[in-house]
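# Reading the structure
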Amino acid sequence: MRLGRAIKLVTVSGFLSTLVTFTLWSQWGNRPAEDYELDSNRRQINYVLTEYHSNKGSNSVDPNLNGNNGVAGAIAPHGASNSLQFEPIDCNINDEKVVHCRREGDQIYLPFDFVREYFEVFGDVERTDDGGQHLVFHHANSIVHPPRASYKPDSMFMAFDHYNVENRDRVKCVTASEGVPITTQWSKDGYHYPIQIAQFALSHHAKHIVDIDTKGQQDSKLVLEDGEDEGSAGWIRPDQKSSFKSVPERAGRDGDQHNHVMEFNTADSHLTKGIAIAAKEKNLYCFFLDVKFASNGSITVVVESGKDVQIKIHYVFTSTFISYDGKSNIYYGMGTGRAGQWFRLVRNLKFDLLKGLLVKLKMERVKMFPLTKVLEIRLHGHGWLDNLTLSRSVHMEQFYDAANWLVRHQDERGGWPIMVQRRVVVGVLELPPGWYSAMGQGQAMSVLVRAYLDSKNRKYLDAAGQALKLFQVDSAQGGVRARFFGKYDWYEEYPTTPSSFVLNGFIYSLLGLYDLKETAIGEDKILAEKIFNSGMTSLKSMIGMYDTGVGTFYDLRHISAGIEPNRARWDYHTTHINQLLQLMIIDDSDVFKTTVHRWLGYLKGKRSRHN
C-alpha cells in the first residue's frame, strides 16, 4: 500500500514539474531577446537563427541560404519590439546529443554557447554606442598584422612590436643576472629557451623602431647620477659611517680614463636604509645603471603599488632567479661571482613587480596592485656606480642583453641547446634534453645581424655565421635539417625522428637565413644563400600540403608519422599568413600570393569548394 502511494506521489510530482517547466519556457520565449538574463555567472543567453530544413543526407545546396550555412544573428535591436512567439524544441545533434532550442515558425534558434563550441567560433554580447546591445561574432580570434612595405635586415622583424614576451604566463621572470626571460613552458623549475630569448630581443628592437618613428619615448628619461657631480646632490646617508663621493674611474671601462663615477660605502644588508636617492616618478618605470661592487651588496628600488602600498624590489647576489616573501619584499638574483666586475643592470619595474607578486598571488589579486610610482633607489655595500637613469622604456638595452646572451651561450656546434625534454607527441615524437631548433637558430641570426648592423661589432656577425653549422647536419645526427621524401630540405623547429615538418618554425628559420645572407660577406654569405634558396624551393613546393580547406595545418605529422592531423590554432594560422606576407616582400612569388589570399578568406569563414 505504501509502495502504491509512493508511485502515485512520484507521478503527480513529475506531472507538476513538467507543467511548471513548460509554463516558464513559454513565458521566457515571449520576452524580447535583449532581456534573456541568466544567473550571475553568465552575462546573457544568445541564440543563432538557423534555417530549419530537413534535407538530411542530401548534397544539394538550398539557394535561399545566405552563404553562411543558414546562420544569422537573432538579437533584437535595442528598444525594438520583438513579436516572435517562441516554443521549446529539442535539437538532435548527429544522433549523439540533444540541445534545448527555440522555434518560431520555420526558424530554429540554437543557443550560442552550443554554436560557439560546436563550430569553434567566437563572440559575445557587447554594448553599442547608443546604449543597446549586439552580438559580436567572429569566425577567428586572431588578427593579421601586415608587415611594412619594405624589409631589410636592420628593419623591424615582422610585426614584433605587438609582442610582449615578458608578459606571457609561461615566462617566470626576466633575470637580473643576464637580463633575459626564464620560461616554465616545459619545466616548472624554469630554463633558458633560445627562441623566447630571441623573440624578447626582436620585440624590443621593433618597439624601439616604433618609438623613433613616432618621435615618442626615446628621450623620456631622467639621469639621477652620472658621477660627475662632486657633491653627489640628492643622495642621503643613513648614518655617519656611510659615505659617497665622485671619483675618477680606475677600471677604465671601454678605455675611458677620464670618466668619473660615484663611489658608495655603507652596510651590506638590504634590510638597512642604505644610501638612498628619491625618485618620486609616476611615468618612468624603467631604470638602468652601470655598477661594480667590491664585495657583497645590493640595489633596492622602493615602489608604490596600488594605493599607498610600498613594495621593495631587491636586486641581490644570489643564483635564485626570483622570490617573494608574501609581504613587501621581492628579490631578483644578480648571480654570483660578479664582485669586482662592472656590469649593467637593466630593469622594467612594472614587469618585475608583476612577476614578483605572481610568485605567491593569483592574477586577480595582483591586478589590485599596479605600479603607480617609483619612490626611491637604495644602494647597499661598497661599490661604484654610473649612469643611473630612469626611463619610460629600455628597449635597446634589453635588446643587447639578449644579443649578448646569445654570444656568450653559443656552443662549439654554433647552436643554443635546449636543455629540457620536449614531447611533441608522447611516445612518437620526442626529444631528449640538449636538442637544437632551426627556429631558434634562425631567430638568433635575426637578432645577431641587427646587433651587428647597429653596433658594427663583429662578434655578433661572427656568431650569426657560426649558427649556420647545424643547418648542414641532419636531424638524425643532432642537427636541424630534414628531407621530405628524400627530396626537399626542411629546417626543423623540433628535429624529431620521424620528422614533424612544423611550418611556422621553418619560415622563421628562412627569415634568419635571409638576414644573414644579405649582411655577411665571404663564405658565410655564400653558405647562407645556398641554405636559404634550398629552403625557399621546399616551401614553394610543399606549402599546399598545409592547407586544410578551412585553415592550416601546424605540421605534417599525419604524413610523416601516420597519426591524426594537427590543425593550427587561429593564432598560428595568422602567424602563417604574417610570415608569407613578409616573404612576399622578399620574393613576390605567385604561389605565396594565391595562398595568402585563400588563407585570409578562412579567417572570415570561407571554405574551399567541394565536389
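Residues numbered from 1 in each chain as written. Predicted model: local features only at pLDDT ≥ 70, side-chain atom pairs only at ≥ 80, totals over all residues. Heavy atoms only, no water.

Glancing now at the overall build of the protein. From N to C terminus, the protein includes 13 helices and 24 strands. Among the 611 residues that make up the protein, the fraction classed as buried is 49%. Counted over contacts in the protein with a minimum sequence separation of 6, partners at least 24 positions apart contribute 65%. Within the structure as shown, the protein displays about 30600 Å² of accessible surface, and the carbon and sulfur contribution to it stands at 50%. (Helix = DSSP H or I, 4+ residues; strand = E, 2+ residues; numbered from the N terminus. Buried < 20%, exposed > 50% of the residue type's maximum accessible area, 1.4 Å probe, protein only. Contact = heavy atoms within 4.5 Å. Areas by Shrake-Rupley, 256 points an atom, 1.4 Å probe, with all protein chains shown as cover.)

Below, the discussion takes up the pattern of salt bridges. For the structure on display, the rule yields 20 salt bridges. For Asp474, the salt bridge is made with Arg481, and the minimal N-O distance between the two is 2.9 Å. Its relative accessible area of 30% is what places Asp474 among the partly exposed residues. The partly exposed category is assigned to Arg481, whose relative accessible area is 23%. Arg483 serves as the salt-bridge partner of Asp489, at 2.5 Å between the closest nitrogen and oxygen. With relative accessibility at 14%, the residue Asp489 sits in the buried group. (Salt bridge = Lys/Arg side-chain N within 4 Å of Asp/Glu carboxyl O.)

In this structure the tally under the stated criterion is one disulfide. The disulfide partner of Cys91 is Cys101, and the S-S distance across this bridge is 2.5 Å. Highlighted residues: Cys91 in strand 3 (residues 87-93) and Cys101 in strand 4 (residues 97-104), separated in sequence by ten residues. The exposure class assigned to Cys91 is buried, which follows from its relative accessible area of 12%. (Disulfide = S-S within 2.5 Å.)

Looking at chain direction, strand 21 (residues 422-425) and strand 22 (residues 429-431) are connected through three bridges and run antiparallel. For Arg423, the partnering residue across the bridge sits in strand 22 and is Glu430. Linkage of strand 21 to strand 22, two consecutive antiparallel strands, is achieved through a turn of three residues, within which Gly427 is found at a positive phi near 80°. (Pairing = 2+ DSSP bridges.)

What follows concerns helix 2 (residues 112-119). Buried residues of helix 2: Phe112, Phe114 and Val115, and no others. Around the axis of helix 2, the buried residues are gathered within 155° of arc, so they sit on the same side. Just downstream of helix 2 lies Glu120, where phi reads positive at about 55°. (Arc of directions from axis to C-beta.)

A few words on the nonpolar core. As a rule of thumb, nonpolar side chains are buried together in soluble globular proteins. Within the largest apolar cluster, 95 residues are counted, with the highest numbers of intra-cluster contacts made by Leu513, Leu516, Leu539 and Leu580. Not counting residues within four places of it along the chain, the set of residues in contact with Leu539 comprises Trp490, Leu503, Phe506, Ile507, Leu510, Leu580, Leu583 and Phe592. One finds Trp235, Ile330, Tyr332 and Leu353 within the second-largest nonpolar core, a separate group that totals 44 residues. (Core = buried A, V, L, I, M, F, W, Y, C linked by side-chain atoms within 4.5 Å.)

Among the secondary structure elements, Tyr452 is positioned in helix 7 (residues 438-455). Residues Tyr452 and Ala464, spaced twelve residues apart in sequence, show a C-alpha to C-alpha distance of 9.5 Å. With sequence-adjacent residues up to four places away left out, Tyr452 is seen in contact with Asn457, Arg458, Tyr460, Leu461 and Thr519.

With an omega dihedral of 0°, the bond running from Thr497 to Pro498 counts as a cis peptide bond. Relative to the assigned elements, Pro498 resides in the loop between strand 24 (488-491) and helix 9 (503-519). The phi dihedral of Asn94 falls on the positive side, at around 55°, and the residue is not glycine. On the secondary structure map, Asn94 appears in the loop between strand 3 and strand 4. Note on Asn94: relative accessible area 51%, which makes it exposed. A positive phi angle is found at Phe485, which is not glycine, with a value near 50°. By secondary structure assignment, the location of Phe485 is in the loop between strand 23 (481-484) and strand 24. For Phe485, a relative accessible area of 70% corresponds to the exposed category.

A few words on helix 4 (residues 349-357). Here helix 4 lies mainly inside the structure; eight of its nine residues are buried. Looking at helix 4, one finds that the buried residues are Leu349, Phe351, Asp352, Leu353, Leu354, Lys355, Gly356 and Leu357. The N-cap residue of helix 4 is Asn348: its side-chain oxygen and the backbone nitrogen of Lys350 are 3.1 Å apart. (Polar contact = N/O pair within 3.5 Å; in protein donor to acceptor, adjacent residues only side chain to side chain.)

Across the interface, helix 3 (residues 194-213) lies against helix 6 (residues 395-409) with an axial gap of 8 Å and an inter-helix angle of 150°. Comparing their axes, helix 6 and helix 3 come out roughly antiparallel. With respect to the hand of their crossing, helix 3 and helix 6 are arranged in left-handed fashion. Facing Ile197, Phe200, Ala201, His204, His205, Lys207, His208 and Asp211 of helix 3, the residues of helix 6 in contact are His395, Met396, Gln398, Phe399, Ala402 and Trp405. (Axes fitted to C-alpha atoms, helices over the stretch in contact; angles between N-to-C directions. Parallel < 35°, antiparallel > 145°, perpendicular 65-115°, else oblique. Left-handed = near helix turned anticlockwise from the far one by under 90°.)

Before going further, it helps to examine the environment of Val449. Along the chain, Val449 turns up in helix 7. The class for Val449 is buried, based on a relative accessible area of 0%. Each C-alpha atom of the pair Val449 and Gly512 lies 8.7 Å from the other, and the pair is 63 residues apart in sequence.

The residue Ile543 is located in the loop between helix 10 (522-542) and helix 11 (557-560) in this model. Residue Ile543 is classed as buried on the basis of its relative accessible area, which comes to 2%. In this structure the C-alpha to C-alpha distance between Ile543 and Phe592, which are 49 residues apart in sequence, comes to 8.6 Å. Among all residues touching Ile543, those that are not within four sequence positions of it are Leu503, Leu580, Val591, Thr595 and Trp599.

Looking at where Glu304 falls in the secondary structure, it is placed in strand 15 (residues 286-305). Here Glu304 occupies a buried position and makes no salt bridge, while the nearest side chain of opposite charge, Lys373, is found at 4.6 Å. In this structure, Glu304 is in contact with Val309, Pro370, Leu371, Thr372, Lys373 and Leu375, ignoring residues within four places of it in sequence. (Lys, Arg positive; Asp, Glu negative; His and termini not counted.)

Ring pairs (aromatic) are described by centroid distance and by the angle formed between their planes. As enumerated under the stated definition, the model contains 30 aromatic pairs in all. Relative to Tyr508, the ring of Phe160 has its centre 6.3 Å away and its plane inclined at 80°; by these criteria the two rings are edge-to-face. Taken together, the positions of Phe160 in the loop between strand 7 (133-138) and strand 8 (171-174) and Tyr508 in helix 9 put the pair 348 residues apart, joining distant regions of the chain. Like Tyr508, Phe160 is buried. One residue, Lys292, lies across the ring of Trp384, its end atom 4.8 Å from the ring centre. (Phe/Tyr/Trp six-rings, centres within 6.5 Å; stacked < 30°, edge-to-face > 60°. Lys NZ or Arg CZ within 6 Å of the ring centre and 35° of its normal.)

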